[in-house]
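Chain by chain, the residues run as shown.
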Amino acid sequence: MAVLSIVLPAYNEKENIRNTVKVLSELLSENKIQYELIFISDGSGDGTFGEIQKAAQEDSNIIGAEFSRNFGKEAAIFAGLEMAGGDAVIVMDCDLQHPPEVIPKMWKLWQEGAEVVEGIKSHRGKERIGYKLSAGLFYKVMSKLIKLDMNSSSDFKLLDRKVVDVLLSLPERNTFFRALSFWAGFHTVPVYYEVRERQFGRSKWSFFSLMKYAVTNVTSFSTLPLQMVTVMGVISILFSVILFIQTLAKFLSGTAVEGFTTVILLILIIGGFLMLSLGIIGHYLARIYEEVKGRPKYIISKVTDNVRGEVIGAWKRGRARE
């Protein structure tokens, strides 16, 4: 019988673990879906892993791991994919803002031949104005840079086992799961859903964390920012040519060459472009530096008692690929 693995990254989600286990277990049992729930505590400091451990002791379908520190959501997703043993794998938020009732639809579409079932947001639900504006800016920037509609896309998706194996075989350490699953191709079918309200806790995303997430993922997935350096260079040259023509025309007409303000503005513009260009190039060099060092995406410090051998085996497989 086919098994569904559900990967649930968790960062300071102690209040949500029990409720998430209850809701998902009841839903999957009612729909006669054989399952495993994989919780990855991303260096949480509120006792999240303790709750995962308790849940795993009560239900053998629940397994989990704790990172030695906060490595980020991307690392937590890939750690969960490494641990997943199912024929299909769903990645979703631990706070259940990705509605569980969509899971049976995803499972059915997979049984009918879909290799990737993409969760598409039809409505973002109720959000604070500040968060909605920052998230909107984040998705617009990301959509333009990687040429993927990020406003509706999410990490909520089902992947066939062969798609998971492809993603795990990729050698890079700076990963962007949402875009990589799109890049990998395969037969994709959309499922639409509305974002639910969190029952417990608050969102960990702020304007600055979203912008940092955007910069990191864009530079790990797209070379477009590097191409922008060339564009800025062309713009600087055009400004210089215009100023040169203006100066030459005044000189030939016998008019005194003026324009101190224009020269200063041009220097500031070119200087700004140069500093921005150096920043972009420096960021890519940092990404290369991180890749060359060959450090693992994450470090597991603890695992639930019921899967110690399996988790260590998955970690070793990941290390062997790296």
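Just above sits the structure.
The structure reproduced in this document is the subject of the present report. (Residues numbered from 1 in each chain as written. Predicted model: local features only at pLDDT ≥ 70, side-chain atom pairs only at ≥ 80, totals over all residues. Heavy atoms only, no water.)

Points about the packing of helix H3 (residues 73–83) against helix H6 (residues 161–169)
Here is step 1 of the chain: With their axes 10 Å apart at the nearest point, H3 and H6 run at an angle of 125 degrees to one another. Classified by the interaxial angle, the pair formed by H3 and H6 is oblique. Crossing handedness for the pair H3 and H6: left-handed. Here H3 contributes Phe 78, Leu 81 and Glu 82 to the contact with H6, which in turn contributes Val 164, Leu 167 and Leu 168. (Axes fitted to C-alpha atoms, helices over the stretch in contact; angles between N-to-C directions. Helix = DSSP H or I, 4+ residues; strand = E, 2+ residues; numbered from the N terminus. Parallel < 35°, antiparallel > 145°, perpendicular 65-115°, else oblique. Left-handed = near helix turned anticlockwise from the far one by under 90°. Contact = heavy atoms within 4.5 Å.)

Digging into a nonpolar patch on the surface
Here is step 1 of the chain: A grouping of Ile 281, Leu 285, Ile 288 and Val 292 is seen on the molecular surface, where their side chains present a nonpolar patch of about 390 Å² in accessible area.
Here is step 2 of the chain: The residue Ile 288 is located in helix H10 (residues 260–293) in this model.
Here is step 3 of the chain: Judged by its relative accessible area of 48%, Ile 288 falls in the partly exposed class. (Patch = residues over 30% accessible without salt bridge, like charges linked within 9 Å, V, L, I, M, F, W, Y side chains within 5 Å. Areas by Shrake-Rupley, 256 points an atom, 1.4 Å probe, with all protein chains shown as cover. Salt bridge = Lys/Arg side-chain N within 4 Å of Asp/Glu carboxyl O. Buried < 20%, exposed > 50% of the residue type's maximum accessible area, 1.4 Å probe, protein only.)

Some details on the side chain of Thr 20
Here is step 1 of the chain: Tracing the chain through its elements places Thr 20 in helix H1 (residues 14–30).
Here is step 2 of the chain: In terms of polar contacts, Thr 20 uses its side chain to reach the backbone carbonyl oxygen of Asn 16, at 2.8 Å.
Here is step 3 of the chain: Contacts of Thr 20, omitting those with residues within four sequence positions, involve Leu 8, Phe 39, Cys 94 and Leu 96. (Polar contact = N/O pair within 3.5 Å; in protein donor to acceptor, adjacent residues only side chain to side chain.)

None of the figures reported here should be taken as evidence of function without further support.
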